[in-house]
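Chain residues, written in single-letter form:
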Amino acid sequence: MLYNLLKPIIWQINPEIAHEIVIKLLKNNIVNLFLKSKPDEILKCNLGNIQLPSPIGLAAGFDKNFEVFDKMFNLGFGFVEAGTVTPLPQTGNEKPRIFRLLEDEALINRLGFNNKGLSVIKDNILAKYSKYISNKLGANIGPNKDSTNRIEDYVTCYNSLVKFTDYITINISSPNTPGLRDFENKEIDDLLNELRRNRQNNKSIFIKISPDLERNDLEQSIDKILDYGMDGVVLTNTSISRPQYLQSKFSSEKGGLSGKPLQDKSRESISIAFKITQNQIPIIGVGGIFDYNDVINSLKAGASAVQIYTGLIYKGPCIAHNINNELVNYLRINGLKNISELIGINH
Ligand SMILES: Cc1cc2nc3c(=O)[nH]c(=O)nc-3n(C[C@H](O)[C@H](O)[C@H](O)COP(=O)(O)O)c2cc1C
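Residues numbered from 1 in each chain as written. Predicted model: local features only at pLDDT ≥ 70, side-chain atom pairs only at ≥ 80, totals over all residues.

So, the overall build of the protein
- Along its length, the protein carries 11 helices and 13 strands.
- Scaling as 2.2 N^0.38, a compact globule of 347 residues should have a C-alpha radius of gyration of about 20 Å, and the protein matches this with 19 Å.
- Expressed as a percentage of the 347 residues in the protein, the buried residues total 50%.
- Long-range contacts, defined here as pairs at least 24 residues apart, represent 75% of the contacts in the protein between residues at least 6 apart. (Helix = DSSP H or I, 4+ residues; strand = E, 2+ residues; numbered from the N terminus. Rg over C-alpha atoms; globule rule 2.2 N^0.38 Å. Buried ≥ 20, exposed ≤ 12 C-beta atoms within 10 Å, placed from the backbone. Contact = placed C-beta atoms within 7 Å.)

Set out below in structure tokens:
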């Protein structure tokens with residue numbers, strides 16, 4: 001309720017500055033004064049060999065520098081994917097580069113992997129290591145924009161972070177680094193081969209895919225992800241396409257579209273992927289998750305867990321806590337013993 005009252009004020013602030021303020025408040029424990037959420041046992045579930053307290057995760061891009069991931073667990077998130085991290089720090093694209101499409105409950109961003117780089121980020125993780133040990137942290141990694149060997153960048157980040165995180169997500173789908181999406185088709189074998197060669201232990205490697213692939217290309221990517229022994233897929237990143245019905249004056253800004261208008265595409269991708277994976281590896285569903293119904297629909301389509309970014313901006317810091325509670329009610333009313341019973345039942 002409080003968030004709804006504050007929203008008109010928040011909407012007056014430039015989106016990137018608002019984000020910086022929120023990160024500062026989280027760092028100083030202000031938000032956590034109000035909420036210490038612990039998901040009900042009935043929401044426990046697995047992401048491959050990773051046990052989660054709840055299937056609701058925070059999507060990559062919110063905590064780019066691993067500064068507040070420990071605080072997000074208190075807000076009810078069952079896992080956090082931080083990053084994208086690149087080996088060297090980079091400032092990203094020119095500002096302004098985040099736009100709120102209020103009428104469409106969406107965002108467009110063209111940040112371009114702005115982050116403090118591997119060295120600072122590793123220190124940030126280590127500073128909190130003992131505190132998050134029982135919670136689940138994923139690192140989303142990518143190459144520097146002007147790197148001469150992008151595959152080496154992925155491997156460098158992987159080797160550096162694998163020991164301190166529960167899983168690594170390989171981001172080959174950001175629309176804001178030119179040429180990155182080539183790894184989704186013509187360069188996928190080279191990348192997956194190198195990742196397989198460099199695997200160090202049984203820590204999971206997930207691959208994050210875009211919603212803009214043609215069906216055939218998506219199917220081929222999923223086949224390859226299985227062939228090369230990867231452990232899961234994250235579906236999806238933001239989209240470069242723009243549905244005709246968008247209302248906001250910002251709808252033609254360049255960048256990746258997220259939020260409500262991404263929901264159908266993301267869910268369709270989950271469905272297509274599940275038909276191939278048949279639950280051999282988990283799918284993390286991302287895109288337009290705003291309430292518990294959205295979560296249920298993504299799980300039914302084949303996701304084992306979901307992640308949220310844009311929903312957090314529109315619904316506020318209690319979104320994971322509220323969805324957790326609503327899911328518990330739903331499971332009890334429908335006589336289900338565990339949230340995982342919903343996975344893939346549409347098929
Ligand atoms: C401002 C912003 C920054 C993002 N940065 C990243 C990023 O660095 N790496 C990444 O893999 N995805 C990034 N994403 C994509 C989200 O992780 C997610 O895949 C996408 O926004 C769809 O989910 P949503 O509709 O819940 O926002 C970003 C999204 C937004 C809105």
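Now that the structure is up, let's keep going.
Describing helix H6 (residues 188-198)
- Looking only at H6, the buried set comprises Leu191, Leu192 and Leu195. Considered in projection along H6, the buried side chains sweep an arc of 90° and stay on one side of the axis. Residues of H6 that are exposed and angled more than 90 degrees away from the buried face: Asp190 and Arg197.
- Residues of H6 that are buried in the fold lie against helix H5 (150-161), strand E8 (167-171), strand E9 (204-209) and helix H7 (215-227). (Arc of directions from axis to C-beta.)

Here's the deal with unusual backbone geometry
- In this model, glycine 83 is joined to threonine 84 through a cis peptide bond whose omega is 20°.
- Relative to the elements of secondary structure, threonine 84 occurs in strand E4 (residues 79-85).
- Geometrically, the link from lysine 95 to proline 96 is a cis peptide bond, its omega value of 0° lying close to zero.
- Residue position: proline 96 is located in the loop between E4 and strand E5 (98-101).
- One non-glycine residue, phenylalanine 66, lies in the positive phi region at around 55°.
- Structurally, the position occupied by phenylalanine 66 is in the loop between strand E3 (56-58) and helix H3 (69-74).
- Positioned with a positive phi, asparagine 279 is a non-glycine residue whose angle comes to about 70°.

Some remarks on the nonpolar core
- In this structure, Phe77, Val80, Ile141, Ile168, Val233, Val306 and Ile308 are the most contacted members of the largest nonpolar core, which totals 89 residues.
- Ignoring anything within four residues of it in the chain, the contact list for valine 80 reads Gly57, Leu58, Asp63, Phe69, Met72, Phe73 and Leu137. (Core = buried A, V, L, I, M, F, W, Y, C linked by C-beta atoms within 7 Å.)

Focus on the site of the ligand
- In the region of the ligand, 27 residues are neighbours, and Ala59, Gly61, Ser258, Tyr309 and Thr310 sit closest.
- When residues of the shell around the ligand are traced back to their parent elements, those giving at least two are E4, strand E6 (106-109), strand E11 (256-259) and helix H10 (310-315).
- For the shell around the ligand, the per-class residue count stands at 10 nonpolar, 15 polar and two charged. (Near = placed C-beta within 6 Å. Nonpolar A, V, L, I, M, F, W, Y, C, P; charged D, E, K, R; others polar.)

Considerations on the pairing of strand E13 (residues 305-308)
- Both faces of E13 are covered, namely the face carrying Ala305 and Gln307 and the face carrying Val306 and Ile308.
- Sheet topology places E3 next to E13; three bridges connect them, and they run parallel. Considered in E13, the bridge of leucine 58 is made with isoleucine 308.
- Sheet topology places strand E12 (residues 283-286) next to E13; three bridges connect them, and they run parallel. Its bridge partner lying in E13, valine 286 is registered against glutamine 307.
- Crossover connection from E12 via helix H9 (residues 292-301) to parallel E13: handedness right-handed. (Pairing = 2+ DSSP bridges. Right-handed = clockwise from strand over helix to strand, strands pointing away.)

By themselves, these observations are geometric and do not establish any function.
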